[in-house]
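Per-entry structural report
Chain by chain, the residues:
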There are 8 protein chains.
Amino acid sequence: MDQDQLRDVLERVARGAASTDQAAAELTALLRHMPFEDLGFARVDHHRAIRQGLPEVVFGAGKTPEQVAAIAERIVAAGQPLLVTRTDEAAYAAVAQVVSDAQFHRVAHIISRGARAAAGAGTILVAAAGTSDLPVAEEARVSAELLGNEVDALYDVGVAGLHRLLAERERIERARVIIAVAGMEGALPSVIGGLVGVPVIAVPTSVGYGASFGGLAALLGMLNSCAAGVAVVNIDNGFGAAAVASLINHPP
Amino acid sequence: MDQDQLRDVLERVARGAASTDQAAAELTALLRHMPFEDLGFARVDHHRAIRQGLPEVVFGAGKTPEQVAAIAERIVAAGQPLLVTRTDEAAYAAVAQVVSDAQFHRVAHIISRGARAAAGAGTILVAAAGTSDLPVAEEARVSAELLGNEVDALYDVGVAGLHRLLAERERIERARVIIAVAGMEGALPSVIGGLVGVPVIAVPTSVGYGASFGGLAALLGMLNSCAAGVAVVNIDNGFGAAAVASLINHPP
Amino acid sequence: MDQDQLRDVLERVARGAASTDQAAAELTALLRHMPFEDLGFARVDHHRAIRQGLPEVVFGAGKTPEQVAAIAERIVAAGQPLLVTRTDEAAYAAVAQVVSDAQFHRVAHIISRGARAAAGAGTILVAAAGTSDLPVAEEARVSAELLGNEVDALYDVGVAGLHRLLAERERIERARVIIAVAGMEGALPSVIGGLVGVPVIAVPTSVGYGASFGGLAALLGMLNSCAAGVAVVNIDNGFGAAAVASLINHPP
Amino acid sequence: MDQDQLRDVLERVARGAASTDQAAAELTALLRHMPFEDLGFARVDHHRAIRQGLPEVVFGAGKTPEQVAAIAERIVAAGQPLLVTRTDEAAYAAVAQVVSDAQFHRVAHIISRGARAAAGAGTILVAAAGTSDLPVAEEARVSAELLGNEVDALYDVGVAGLHRLLAERERIERARVIIAVAGMEGALPSVIGGLVGVPVIAVPTSVGYGASFGGLAALLGMLNSCAAGVAVVNIDNGFGAAAVASLINHPP
Amino acid sequence: MDQDQLRDVLERVARGAASTDQAAAELTALLRHMPFEDLGFARVDHHRAIRQGLPEVVFGAGKTPEQVAAIAERIVAAGQPLLVTRTDEAAYAAVAQVVSDAQFHRVAHIISRGARAAAGAGTILVAAAGTSDLPVAEEARVSAELLGNEVDALYDVGVAGLHRLLAERERIERARVIIAVAGMEGALPSVIGGLVGVPVIAVPTSVGYGASFGGLAALLGMLNSCAAGVAVVNIDNGFGAAAVASLINHPP
Amino acid sequence: MDQDQLRDVLERVARGAASTDQAAAELTALLRHMPFEDLGFARVDHHRAIRQGLPEVVFGAGKTPEQVAAIAERIVAAGQPLLVTRTDEAAYAAVAQVVSDAQFHRVAHIISRGARAAAGAGTILVAAAGTSDLPVAEEARVSAELLGNEVDALYDVGVAGLHRLLAERERIERARVIIAVAGMEGALPSVIGGLVGVPVIAVPTSVGYGASFGGLAALLGMLNSCAAGVAVVNIDNGFGAAAVASLINHPP
Amino acid sequence: MDQDQLRDVLERVARGAASTDQAAAELTALLRHMPFEDLGFARVDHHRAIRQGLPEVVFGAGKTPEQVAAIAERIVAAGQPLLVTRTDEAAYAAVAQVVSDAQFHRVAHIISRGARAAAGAGTILVAAAGTSDLPVAEEARVSAELLGNEVDALYDVGVAGLHRLLAERERIERARVIIAVAGMEGALPSVIGGLVGVPVIAVPTSVGYGASFGGLAALLGMLNSCAAGVAVVNIDNGFGAAAVASLINHPP
Amino acid sequence: MDQDQLRDVLERVARGAASTDQAAAELTALLRHMPFEDLGFARVDHHRAIRQGLPEVVFGAGKTPEQVAAIAERIVAAGQPLLVTRTDEAAYAAVAQVVSDAQFHRVAHIISRGARAAAGAGTILVAAAGTSDLPVAEEARVSAELLGNEVDALYDVGVAGLHRLLAERERIERARVIIAVAGMEGALPSVIGGLVGVPVIAVPTSVGYGASFGGLAALLGMLNSCAAGVAVVNIDNGFGAAAVASLINHPP
């Protein structure tokens, strides 16, 4: 309910075009009216882009292909850009039935249609420590592009071979915000954080074995980073990092 | 070593003012010369502000008052702003001997002298869930101000009484970046993250008991936030959140 | 052994119809006689409904279809309502052989036959944060209905889009007891608990990834809820929540 | 804002006693006006009893005596009953300065003034496994009484000496809801839950040593209870259990 | 209630010396009458020795000196041997007021009076890995003696110097049951278990630092022992090991 | 090397039948000669029964069928009883090729041939809380029988229906040692431990879900048992419990 | 950039063969020039052997067969020895297409081609506690050989049968460095560490079940080893142990 | 027992100077005679230096000053070098009474007397990330010197300011083995490990707060190091690292 709607009701009351009872009912209804659509198993939130600067994004894991397709259809019908993460071929097949021009980003496990125009203030750099971190790094890269950002990517620059990282110092220093993706001991964000003067969004990955405990080691390492300017998202959460980075890159 | 120094050496070689041996030695020395000062137990990094957008900040915990005072003296002597976190009365007493106009922020456990002028793009809002989260929230607030930001603070707005938070929606929506501080279940960043279109830096606190396990519950809650746009720093790390928020608020 | 049986034995002794030896033996036997049936691998407890207000419920996980069917048959033969949780198609096929009118609730993974008439004092509301929490929410909803309750369900009302929840405030306020189901950070019970004056039974789900650690994050979040009036059951334990809620809704 | 206030504004608009601008401002203000009082470091919530069925309760841990006293004074000034948990002698001394007739419950660590009249549907039974669990059990007992319940207490009835528990079966069966407090392996709620047909609110305590890990063993034990009808609150959270039990005992 | 008491009641009914009502009441009372004494904060269990082969043992931690003394007095008054574990000088002072001949075992933190005569089948050997494990080893040794066992003790025989252990092989092979006490990696029970043909009761201690995590490392090591014949008690639970060992050493 | 062999060498030296060099070599060899057989990938220990009171038992998990069969063949060839735990149909097929009369215990996942004659002092009782605990309970029962014990079994006697357990009190009291198997909260050993005067070997199982964390909840519950006389083995370690129980039941 | 290249540039400047601008550019380029090859998804580090004493080793897990083959081809083309760990048949098939003489070590899960000549100072002994630890032990053994070491192997020498270990004391004492591989309680390194005067590199394995928690028990045991001279690598990290041992065995 | 002693006995038997009985007894005694001294609470191991290349080192934590002094006295009396770790002023006062020329290293918490002459193959470098890691780094440095090594130390070279570390590359490359000490995320060993070709012994410290969990974050980071050539010791275990490094630096 915005101020215009409020005034409209009040003005109708003032000029006798609405009784107070009727106005009370209208106002109550307006307060209740919410910009989402109820599919029974899901409530699609069409105004999120306005409220939050990010479109409604569908978390694909744990949803059936049918559910994903039904939600996708409603989002597209409402003229919103489509972004489904943690999804797979089967869901894509179902979505493609109802959204014929949807795209599937295989490595990133993302379905999309349309994208925000890149209006960010600068570039987002996605840096990944190892080849095995690629799926998470790609989830971040593709998401950031779809959210309207110019993105640069720098892969296999882990700290055990510092020269590979230092050789790219110029690209690193060009970014407005950096997404640093790493598994194992997760030291990449600390080293990058010590080199630059922009925020570093750290993404621990579940890459590793033994005492990496599914990414816990990298997560703890990143949370305890001795470099100032590092903040952390959930293990393997490439999209989450992209969302934060995009908000940083799009001043309100 | 900047390009000017490099050219100066090379030009002296070109005009015979320096032998190649001498130049090789000079260049090697320049490459080695690093803008830090070695106190034996510490290497004070005077150029961090240039490199990283943040001044060198002294982590007070685990250092003796004498060590803190010696480092503080060198930082001030180098014309840098002083910011010591996780410190106490005893360290302040030692610092005050050598830096007579240092200030002590009691609740925030911070010693400071001077501050960057507020040149941030917007306002940083520090929101805290409960009265017991104040020391961490104040560490964030004071740090953010010293790092050159305009800061607003909103305390005791935990999610169990949503109306207290929603009543301040206007102040919340005004911020360029929000620091959300909470202990117990740590749900505040999720709720705020759903309301705004700017990055939310979540700070779990060790406030709570029993199965809060020293802030672990809040930390996990924040990492698993269902709201996009939330990134997390270490438990009780008010300064860390301020550093990230300040970098967001100061485009490079 | 009730008082009537005790008096009957004593009266027979008093009137010489039973010797003291015989009476001692009878009393001992009565004390031993327990209202369960021993199937070798299971002891079916036919009187639980009387003793506990809940019928004997079969936990299907880890039992073979044959074991489930054998237990189901005995329960039905004893005139008890049948409720098997955490079960599957294979077990249903076996049960259907011996209990022809058994029903299978696919999403809830429940086999049932018959149900207690709804005699609860009010309504149980099952609220779930996301679409992926549906299997657990449905286990709770179906169980609560079979245990004799009127149930309302409200799905996809997670705290990152508060308006979806607040739009249903009326239905929320109508409940006698609320079951709040959520994965990820598990903040839903805290927010609901702050809105209502009835008990909230919180069910953490294993929905999520990374640092959700199989539902641990949601579990800890709920245990540390800053809202009074929240109690928690095991991760994914929809039936457990329904059992507690049903006891609340059925005053003794 | 209730319906009466809304109608009053609308009627004044209808009869010309208020302009639409003025009415819009008033309505906006009413929507903003929230029944709490801002002390700077705390927002005292005077209407919680109406909204939630429980008065505002002050969590004393982590607050200074001065903060506790200031909050207590405002609560009493607003005519609300006072209940401070996790508090101590020092806070009591400060509170007694401003609320002369406040009481201190030493074992329970509670400060109170006034109490709701006991209007619960039945009795709350507080059962504790060992003598060392007394502080938590007393926090639950005193809280439940102050929240307007008739309370019975049964201490030192741990499962290693079942006869002590079974001897009190009659008192156990009389309760409308049972709070079961136990440390170590936390088996008491399971055993009680198997005996009765009312909800059991389980409180794990940090009593124990070694692999009890501060109450974790008891917490996990209670969450995994094989008895239906058991829900759990945080470790040592006697007040939390009392709040849930009181809501169960006071139908809306 | 034994068979004699049952027959006595029945015989009085048979011969008319008691009415059935009176008998029903008497029997009910007998069933309820339990051999414990209710001190309000504790229920002293005087018949535990008969039922369980072990006397009632008082766990001193978390009890006030006054509570320990009151319980001790009742136990001694009932002619039972006294054994208080995890206690201290203050409690001993209080106990000594009411039980003048009580003894204090300083290293073992035990108060005792009287002891069961040593009627065990063989010897209990208490082996400890290091000097720092002595308090726990002594708690086991003193407890085992008070429970009526002949005890041998072998200290500082950790596995990093195998020859110290192997040199005592004869004493090790003489035991009926061995209590193996160790902190750090807790390997002693595995090595002893591989040498002998009697049960080894392993006691992890909280001795160690860093990743010993309060005895967790030793506990896990002992639970995963590759030697058959090893069972484990709680961290630092010297008494618990003595209780198990004593039951092994006293065939029923 | 036994005393006889030692004396024989020395006597030959004394009477000149062996030179000192030859004797030194012989003694060194004897000291080195160990009663195991080296298969390359395994060292089969034929004298374990003598040294340890238990035959060499093959842990089947992680070994190929070929490895299991090769080891089984050597054990049988050496006239030892065969006991393979944690094994499967495939391994049994391979063993049956070389040990034609080997038996496969399907539920217990054990391959055996021969058994020690039952010479134990009394009976071992295996009690299991639920039907789902059967595989572990059966591993314990079958192992105990093969190790030469008379075994009684009592299944589905969990503490949520105490009457099922108490009805079998006589069988419980007849045992020399009790193996108590339980998952979920693992309370069975505590309740049994409070009823009897013999050692209880507790076996936590991985039965359960959510916060049972693969048996951790039951394990911690058992380690923290408030009943004296309980010792614990690893999660699901039915054989381990049988080994300890058998050593208790066979005095040396 | 070595001193020769530096001097060469300077000398050209001195004799006018290069302008200062040109020299500045050349020096900057040299500083940037790093000895790796960028495949897009990977940066192959050809000079690692020079810099680090170890060749670039490919971690096969999480890489596609195509990625492994592409990297392998580049390494071989650069004349480097090839060592791929944590790999499988599928990757080997792909590698064999491009590196026809590559070898597959099945138990060790290693692909290799060529090996460093054995120039180590002494022998590396790989000792493993049980047959199930073989894959990890073999990864260590094969890796150590490929890294240019003479290796001895001693399997199935767990501490529960000490005589099997002590019988091989001579081989143990011959080593320059020992790799001790063990699962379960992981006590082998402690016992070996107490016998020898050389470094012991401990490798915990995930062999075990229940409370071994995927090797955590062994890891903690080894970290808490009471023997001096033991250092630990990650769970199942046979290659990591070989790398450390090889560096110990090859003085710089 | 060495070969000489063995031959001596045998020769006396051969020449009739000893009966076989007497010889059997002597040999048995020799086998039993172990080079340690039993103080009751401790077994002092005088021959460890011979057996293990390291002198017996006294772990001071958990021992009384009297125990430390008694052990120290015996070690010195046996002509061994004295090294007590994790000790304090009080223990030093007690030791100084009996070993007048003992030294106390305050920061390192070490008492020593005498030292092995430095006969190591090269230099041990102790590198520490921050000023707060000094006590652990000094424990390593002092221990390594007392164990006969030349030691270099490099403090405050954490990875967030890489230039501080890279500036000392020459000193880093000179070492035969490096001890890398770090708290927080523990990334120092990975970065150093990528620069050098010698073994890196990583020591996690408990420096940090929040999610460092007492050094767990650093420990996991180091175990998961992506650099080959890194092995890890227990949290804060400076001495342990020195012991391993010394064995590496002293070829057998």
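Residues numbered from 1 in each chain as written. Chains lettered and ligands numbered in written order. Predicted model: local features only at pLDDT ≥ 70, side-chain atom pairs only at ≥ 80, totals over all residues. Heavy atoms only, no water.

Some words on the relation of the copies chain H and chain G
In this arrangement, two copies of a chain are superimposed by a rotation about an axis accompanied by a shift along the axis. Aligned on chain G, chain H shows an RMSD of 0.1 Å; the corresponding rotation is 180° and the shift along the axis is 0.0 Å. Considering both components of the superposition, the chain copies are consistent with a two-fold axis. By C-alpha distance to the rotation axis, the residue of chain H lying nearest is Val232(H), at 2.5 Å. With an isologous cut-off of 70% or more, the 100% of interface residues of chain H that recur at the interface of chain G puts this contact in the isologous class. (Least-squares fit on C-alpha atoms with pLDDT ≥ 70 in both. Contact = heavy atoms within 4.5 Å.)

Brief notes about the interface of chain H and chain G
Facing the 30 residues of chain H at the interface are 31 residues of chain G. Of the roughly 2,500 Å² buried between chain H and chain G on both sides combined, carbon and sulfur atoms contribute 60%. Linking chain H to chain G there are 6 residue pairs in polar contact (both at pLDDT 80 or more). Going through the elements one at a time, helix H3 (48-52), helix H10 (216-223), strand S11 (230-232) and helix H11 (238-249) of chain H are the ones with two or more residues in the side of chain H that touches chain G. It is H11(H) that contributes the most residues to the side of chain H that touches chain G, 5 residues altogether. (Buried area = accessible area lost by both parts, 1.4 Å probe. Polar contact = N/O pair within 3.5 Å; in protein donor to acceptor, adjacent residues only side chain to side chain. Helix = DSSP H or I, 4+ residues; strand = E, 2+ residues; numbered from the N terminus.)

What about the pairing of strand S9 (residues 177-182) of chain E?
All names here are of chain E. Counted residue by residue, S9 has 6 buried out of 6 residues, so it is predominantly covered. The alternating pattern of S9 places Val 177, Ile 179 and Val 181 on one face and Ile 178, Ala 180 and Ala 182 on the opposite face, and all of these are buried. Pairing of strand S7 (residues 123-128) with S9, which is carried by 5 bridges, proceeds in the parallel orientation. By the bridge assignment, Ala 127 is partnered in S9 with Ala 180. Here 5 bridges tie S9 to strand S10 (residues 200-204), and the two strands are oriented parallel to one another. When the bridges of S10 are listed, Ile 179 appears paired with Ile 201. Chirality of the crossover, the property in question, places the unit of S9, helix H9 (residues 188-193) and S10 among those that are right-handed. (Buried < 20%, exposed > 50% of the residue type's maximum accessible area, 1.4 Å probe, protein only. Pairing = 2+ DSSP bridges. Right-handed = clockwise from strand over helix to strand, strands pointing away.)

Some remarks on the pattern of salt bridges
On inspection of all chains with the given rule, the structure shows 72 salt bridges over all chains. Measuring nitrogen to oxygen at the nearest pair gives 2.7 Å for the salt bridge that ties Arg106(B) to Glu89(B). Highlighted residues: Arg106(B) in the loop between strand S5 (103-105) and strand S6 (110-113) and Glu89(B) in helix H5 (residues 89-98), separated in sequence by 17 residues. Relative accessible area serves as the criterion here: at 40%, Glu89(B) is assigned to the partly exposed category. Put simply, Glu139(D) and Arg86(D) hold a salt bridge, and the shortest N to O gap is 3.5 Å. Pair noted here: Glu139(D) is in helix H6 (residues 134-146) and Arg86(D) is in the loop between strand S4 (82-85) and helix H5 (89-98), with a separation of 53 residues, a long-range link. (Salt bridge = Lys/Arg side-chain N within 4 Å of Asp/Glu carboxyl O.)

What about the sheet that holds strand S5 (residues 103-105) of chain A?
Residues and elements named next belong to chain A. Overall, mixed pairing links the 4 strands, which are arranged S3-S4-S6-S5 in an open sheet. At either margin of the open sheet sits one strand with a lone partner, and together these are strand S3 (58-59) and S5. Note that strand S4 (residues 82-85) and strand S6 (residues 110-113) share 3 bridges and pair antiparallel. The residue bridging Val 84 from the neighbouring strand is Ile 111, located in S6.

Side note on helix H4 (residues 65-77) of chain H
Spanning 13 residues, H4(H) covers 18 Å between terminal C-alpha atoms, matching the ideal 18 Å at 1.5 Å per step. One or two steps after H4(H), the chain reaches Gly79(H), where phi turns positive at roughly 75°. (Expected span 1.5 Å × (residues − 1).)

Quick look at the sheet that holds strand S4 (residues 82-85) of chain H
All names here are of chain H. Strand order in the open sheet formed by 4 strands is S3-S4-S6-S5, with mixed pairing between adjacent strands. Sheet topology places strand S3 (58-59) and strand S5 (103-105) at the edges, where each strand pairs with a single neighbour. Along the sheet face, helix H6 (residues 134-146) touches S4, S5 and strand S6 (110-113) and points at about 15° away from the line of S6. (Axes fitted to C-alpha atoms, helices over the stretch in contact; angles between N-to-C directions.)

Some thoughts on the side chain of Asn149(F)
All names here are of chain F. For Asn 149, the location among the structural elements is in the loop between helix H6 (134-146) and strand S8 (150-155). Within polar-contact distance, the side chain of Asn 149 engages the backbone oxygen of Ala 144 at 2.9 Å. Only 2.8 Å separates the side chain of Asn 149 from the side chain of Asn 249, close enough to count as a polar contact. With near-sequence residues (within four places) excluded, Asn 149 lies in contact with Ala 118, Ile 124, Ala 144, Ser 246, Asn 249 and His 250.

Describing unusual backbone geometry
Phi is positive for Asp156(D), which is not a glycine, with a value near 65°. Here Asp156(D) is to be found in the loop between strand S8 (150-155) and helix H7 (162-166). According to the relative accessible area criterion, Asp156(D) is buried, its value standing at 9%. Notably, Arg86(H) is not glycine yet its phi reads approximately 50°, a positive angle. Here Arg86(H) falls in the partly exposed class, since its relative accessible area comes to 22%.

Things to note about the environment of Ile179(B)
Its place among the elements puts Ile179(B) in strand S9 (residues 177-182). On a C-alpha basis, the gap between Ile179(B) and Val233(B) in space is 10 Å, while along the polypeptide they are 54 residues apart.

A look at the domain arrangement of chain A
Residue and element names in this part refer to chain A. When the domains of chain A are assigned, the result is domain 1 (33-113) and domain 2 (123-249). Each side of the interface is counted separately: domain 1 has 13 residues, and domain 2 has 14 residues. Note on domain 1 versus domain 2: buried area summed over both sides is about 1,000 Å², and carbon and sulfur give 77% of it. Across the contact surface, domain 1 and domain 2 share 1 residue pair in polar contact (both at pLDDT 80 or more). Listing elements by their share of the side of domain 1 that touches domain 2, those giving two or more residues are S4 and S6. Taken together, the residues of the side of domain 1 that touches domain 2 break down into 7 nonpolar, 5 polar and 1 charged. (Domains from an automatic or database assignment. Nonpolar A, V, L, I, M, F, W, Y, C, P; charged D, E, K, R; others polar.)

A word on the packing of aromatic side chains
Tallied over the entire structure, the rule returns 16 aromatic pairs over all chains. Taking 5.6 Å as the distance between ring centres and 25° as the angle between the ring planes, the aromatic pair formed by Phe59(B) and Tyr209(H) counts as stacked. Of this pair, Phe59(B) sits in strand S3 (residues 58-59) while Tyr209(H) is found in the loop between strand S10 (200-204) and H10, placing the two residues in two different chains. Take Tyr209(H): its relative accessible area is 19%, and that puts it in the buried class. Its end group placed over the ring of Tyr209(C), Arg86(A) keeps NZ or CZ at 3.9 Å from the ring centre. (Phe/Tyr/Trp six-rings, centres within 6.5 Å; stacked < 30°, edge-to-face > 60°. Lys NZ or Arg CZ within 6 Å of the ring centre and 35° of its normal.)

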